[in-house]
Amino acid sequence: QVQLVESGGGLVQAGGSLRLSCAASGRTFSNYAMGWFRQAPGKEREFVATISWSGGSTYYADSVKGRFTISRDNAKNTVYLQMNSLKPEDTAVYYCAARRTSNSRSYTGFHEYDYWGQGTQVTVSS
């Protein structure tokens, strides 16, 4: 069992930045690929970014490419999502997710992840 706790959400003006953190506990963090997803009101949960267990491979949704950066610190059991140049359409609840794996492929489907955090709200005002 893996427990995930997100933090760092909040209210920011368009063009601003936020850094989300997701702290993991319960299992060996480096055995897991990590992902960030988001869900806006009335919309389906959508993929944002993913990072391999080693941190050597990352993949982003087109909507955030060039603005968001996913990273991880396996010594701290934490994955991050640095969000720059935020837009009102980035407003959503952001979730981190974990999938146990030994390869470096990118996982973009929410059904591919085993564990989820409770989410953190990000609101971008225009």
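Anyway, here's the lowdown on the structure attached to this text.

1. As for the nonpolar core
Stage number 1. Counting 36 residues, the largest nonpolar core has Met34, Trp36, Leu81, Met83 and Tyr94 as its most contacted members.
Stage number 2. Mapped by element, the contributors of at least two residues to this core are strand 3 (18–25), strand 4 (32–39), strand 5 (46–51), strand 7 (68–73), strand 8 (78–83), strand 9 (92–100) and strand 11 (120–125).
Stage number 3. With sequence-adjacent residues up to four places away left out, Tyr94 is seen in contact with Glu6, Leu20, Trp36, Phe37, Arg38, Val48, Phe68, Leu81, Met83, Gly119, Thr120 and Val122.

2. A look at the environment of Ala61
Stage number 1. By the secondary structure assignment, Ala61 is in the loop between strand 6 (58–60) and strand 7.
Stage number 2. In this structure the C-alpha to C-alpha distance between Ala61 and Val12, which are 49 residues apart in sequence, comes to 21 Å.

3. As for the pattern of salt bridges
Stage number 1. One pass over the full model with this rule turns up five salt bridges.
Stage number 2. For Glu112, the salt bridge is made with Arg105, and the minimal N-O distance between the two is 3.1 Å.
Stage number 3. Overall, the relative accessible area of 14% leaves Glu112 in the buried class.
Stage number 4. Here Arg105 falls in the partly exposed class, since its relative accessible area comes to 43%.
Stage number 5. Taken together, the shared-partner salt bridges in this structure form one network comprising Arg38, Glu46, Arg67 and Asp90.

4. Some remarks on the packing of aromatic side chains
Stage number 1. Scanning the entire structure with this criterion turns up seven aromatic pairs.
Stage number 2. The ring of Tyr95 has Arg45 lying over it, and the distance from NZ or CZ to the ring centre is 3.9 Å.
Stage number 3. Lying over the aromatic face of Tyr59, Lys65 brings its terminal NZ or CZ to 5.9 Å of the ring centre.

5. Regarding the state of the cysteines
Stage number 1. Enumeration over the complete set of coordinates arrives at one disulfide.
Stage number 2. At a sulfur-sulfur separation of 1.9 Å, the disulfide partner of Cys22 is Cys96. Given an S-S torsion of about 45°, the disulfide between Cys22 and Cys96 has right-handed geometry. Of this pair, Cys22 sits in strand 3 while Cys96 is found in strand 9, placing the two residues 74 residues apart along the sequence.
Stage number 3. Of the residues examined, Cys22 reaches a relative accessible area of 0% and is grouped as buried.
Stage number 4. Relative accessible area serves as the criterion here: at 0%, Cys96 is assigned to the buried category.

6. Section: the pairing of strand 1 (residues 3–7)
Stage number 1. Of the two faces of strand 1, only the one carrying Leu4 and Glu6 is buried; Gln3, Val5 and Ser7 on the other face are not.
Stage number 2. As defined by bridge partners, strand 1 adjoins strand 3 across five bridges and the pair is classed as antiparallel. Each bridged residue has a counterpart across the sheet, and for Ser7 the counterpart in strand 3 is Ser21.

7. Comments concerning the sheet that holds strand 1
Stage number 1. Spatial ordering of the open sheet is given by 1-3-8-7, a layout of four strands whose pairing is antiparallel. The sheet is open, and its two borders are formed by strand 1 and strand 7, each paired with just one other strand. Neighbouring strand axes in the sheet, compared pairwise and without regard to direction, differ in orientation by 15° on average.

8. Quick notes on the side chain of Arg67
Stage number 1. Turning to its location among the elements, Arg67 is positioned in the loop between strand 6 and strand 7.
Stage number 2. Taking the relative accessible area as the measure of exposure, Arg67 reaches 11% and is therefore buried.
Stage number 3. In this structure the side chain of Arg67 is engaged in a polar contact, spanning 3.0 Å, whose partner is the backbone oxygen of Ser85.
Stage number 4. At 2.7 Å, the side chain of Arg67 and the side chain of Asp90 are in polar contact.
Stage number 5. Residues within four places of Arg67 in sequence aside, it is in contact with Gln82, Met83, Asn84, Ser85, Leu86, Lys87 and Asp90.

About the criteria used
Residues numbered from 1 in each chain as written. Predicted model: local features only at pLDDT ≥ 70, side-chain atom pairs only at ≥ 80, totals over all residues. Heavy atoms only, no water. Core = buried A, V, L, I, M, F, W, Y, C linked by side-chain atoms within 4.5 Å. Buried < 20%, exposed > 50% of the residue type's maximum accessible area, 1.4 Å probe, protein only. Helix = DSSP H or I, 4+ residues; strand = E, 2+ residues; numbered from the N terminus. Contact = heavy atoms within 4.5 Å. Salt bridge = Lys/Arg side-chain N within 4 Å of Asp/Glu carboxyl O. Phe/Tyr/Trp six-rings, centres within 6.5 Å; stacked < 30°, edge-to-face > 60°. Lys NZ or Arg CZ within 6 Å of the ring centre and 35° of its normal. Disulfide = S-S within 2.5 Å. Pairing = 2+ DSSP bridges. Axes fitted to C-alpha atoms, helices over the stretch in contact; angles between N-to-C directions. Polar contact = N/O pair within 3.5 Å; in protein donor to acceptor, adjacent residues only side chain to side chain.

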